[in-house]
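Below are the chains, spelled out letter by letter.
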Amino acid sequence: MGRALQLALPGDRVLLQPGVYTEGDLTVNNSGTSQRPIVVQGMPGARIDATGASRGVLISGRQALLLDGLDISGASDAIEVRNGSADIDVRRCRLHDNSSRGLYVSGAAPVRLRSSLVDHNGGRGVQVDGGELAMASNTIAGNGLQGLLALNSSTVAVTETRFADNQVSGVLAVQSDVAVSNSVITGGSEGGARFTLGSAGTLSHVTVTDTADAGIQGVSSVVHVVARTVERNGRVG
């Protein structure tokens, strides 16, 4: 698989047939184009076991790539997108049981996460550090810290996503802009959605329930809340 990713050119599709691929720190050597992206697609039953690797897949300084249907576990981070990468799509993936993060976006924009399951990673399900991410129709569940952490002037838009039973909180924004709509946040020892240190938050048609602390909390931040349901939280709504 590693060799195929190194050789892929604009318009190519790399198909992973069913089976277990014991590879990690995989990189894509080339960029696609807006009309001819490079596609890396996992067929049903294909799984990447990246045990011991820093990442399952690393995308650094690349453009116009689609990762579709990948199942990645065992690394520190399942997928890392960094260093000015742009127009990166992660779709229909399962990123699970990695020691740190499912998806890590650092200094890259735009990145899109769609129709994916990000679960049971040791730290954050998704972390955005100085980047731009759009999330739609995902489930982010059972991660060891936050479902989503956005920091260092990141911009994140979330829609139709379920954050469930992430141990510390569903969403944490630190000096970042995060908008959540038509989504559900449940569980978390420190609350559902928390905005700190000058963050800007918007929650529209969001349900926040069954957290151990505040459902929605803003600390030195501006948070706009529209048409929300906040109930059964341990301390305050």
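See the structure shown above.
Computed from a prediction, not measured in an experiment: that's the story for all the values here. (Residues numbered from 1 in each chain as written. Predicted model: local features only at pLDDT ≥ 70, side-chain atom pairs only at ≥ 80, totals over all residues. Heavy atoms only, no water.)

Caption draft 1: Quick peek at the nonpolar core. Formed by 55 residues in total, the largest nonpolar core has its most connected members in M135 and L148. With residues up to four places along the chain from it excluded, the contact list for M135 reads L113, V126, I140, L148, V156, A157, V158, T159, T161 and F163. (Core = buried A, V, L, I, M, F, W, Y, C linked by side-chain atoms within 4.5 Å. Buried < 20%, exposed > 50% of the residue type's maximum accessible area, 1.4 Å probe, protein only. Contact = heavy atoms within 4.5 Å.)

Caption draft 2: Structural detail: the side chain of S85. Among the structural elements, S85 can be located in the loop between β9 (77-82) and β10 (86-91). Among the polar contacts made by the side chain of S85, one reaches the main-chain amide nitrogen of R62 at a distance of 3.1 Å. Look past the residues within four positions of S85 in its chain and what remains in contact with it is I59, S60, G61, R62, Q63, G107, A108 and A109. (Helix = DSSP H or I, 4+ residues; strand = E, 2+ residues; numbered from the N terminus. Polar contact = N/O pair within 3.5 Å; in protein donor to acceptor, adjacent residues only side chain to side chain.)

Caption draft 3: Representation of the pairing of strand β19 (residues 155-159) within the structure. Where burial is concerned, the two faces of β19 differ: the one with V156 and V158 is buried and the one with T155, A157 and T159 is not. Bridging between strand β16 (residues 132-136) and β19 involves five bridges; their strand directions are parallel. When the sheet's bridge partners are listed, A136 is paired in β19 with T159. As defined by bridge partners, β19 adjoins strand β22 (residues 177-186) across five bridges and the pair is classed as parallel. (Pairing = 2+ DSSP bridges.)

Caption draft 4: Examining the packing of aromatic side chains more closely. Within this structure, the stated rule accounts for zero aromatic pairs. Here the basic side chain of R101 rests over the ring of Y104, its NZ or CZ set 3.7 Å away from the ring centre. (Phe/Tyr/Trp six-rings, centres within 6.5 Å; stacked < 30°, edge-to-face > 60°. Lys NZ or Arg CZ within 6 Å of the ring centre and 35° of its normal.)

Caption draft 5: Inspection of the pattern of salt bridges at higher detail. One pass over the full model with this rule turns up 10 salt bridges. Here E80 makes a salt bridge to R55, at a shortest N to O gap of 2.5 Å. Here R55 lies in strand β6 (residues 55-60) and E80 lies in strand β9, a separation of 25 residues in the sequence. E80 sits in the buried class, given a relative accessible area of 7%. Put simply, D77 and R101 hold a salt bridge, and the shortest N to O gap is 2.9 Å. Placement of D77 in strand β9 and of R101 in strand β12 (residues 101-106) is noted, with a sequence separation of 24 residues between them. Under the relative-accessibility criterion, R101 is labelled buried at 16%. (Salt bridge = Lys/Arg side-chain N within 4 Å of Asp/Glu carboxyl O.)

Caption draft 6: Up close: the environment of M43. Assignment of secondary structure puts M43 in the loop between β4 (38-42) and β5 (46-49). Residue M43 is classed as partly exposed on the basis of its relative accessible area, which comes to 29%. When the C-alpha atoms of M43 and A150 are compared, they prove to be 31 Å apart, with 107 residues separating the residues in sequence.

Caption draft 7: Region of interest: the sheet that holds strand β15 (residues 126-129). The strand order across the open sheet built from nine strands is β3-β6-β9-β12-β15-β18-β21-β23-β25, with neighbouring strands paired in parallel fashion. Two strands lie at the open edges of the sheet, namely β3 (26-27) and β25 (216-219), each paired on one side alone. Judged from the four bridges that link them, β12 and β15 form a sheet pairing that is parallel. Paired with S106 across the two strands is D129, which belongs to β15.

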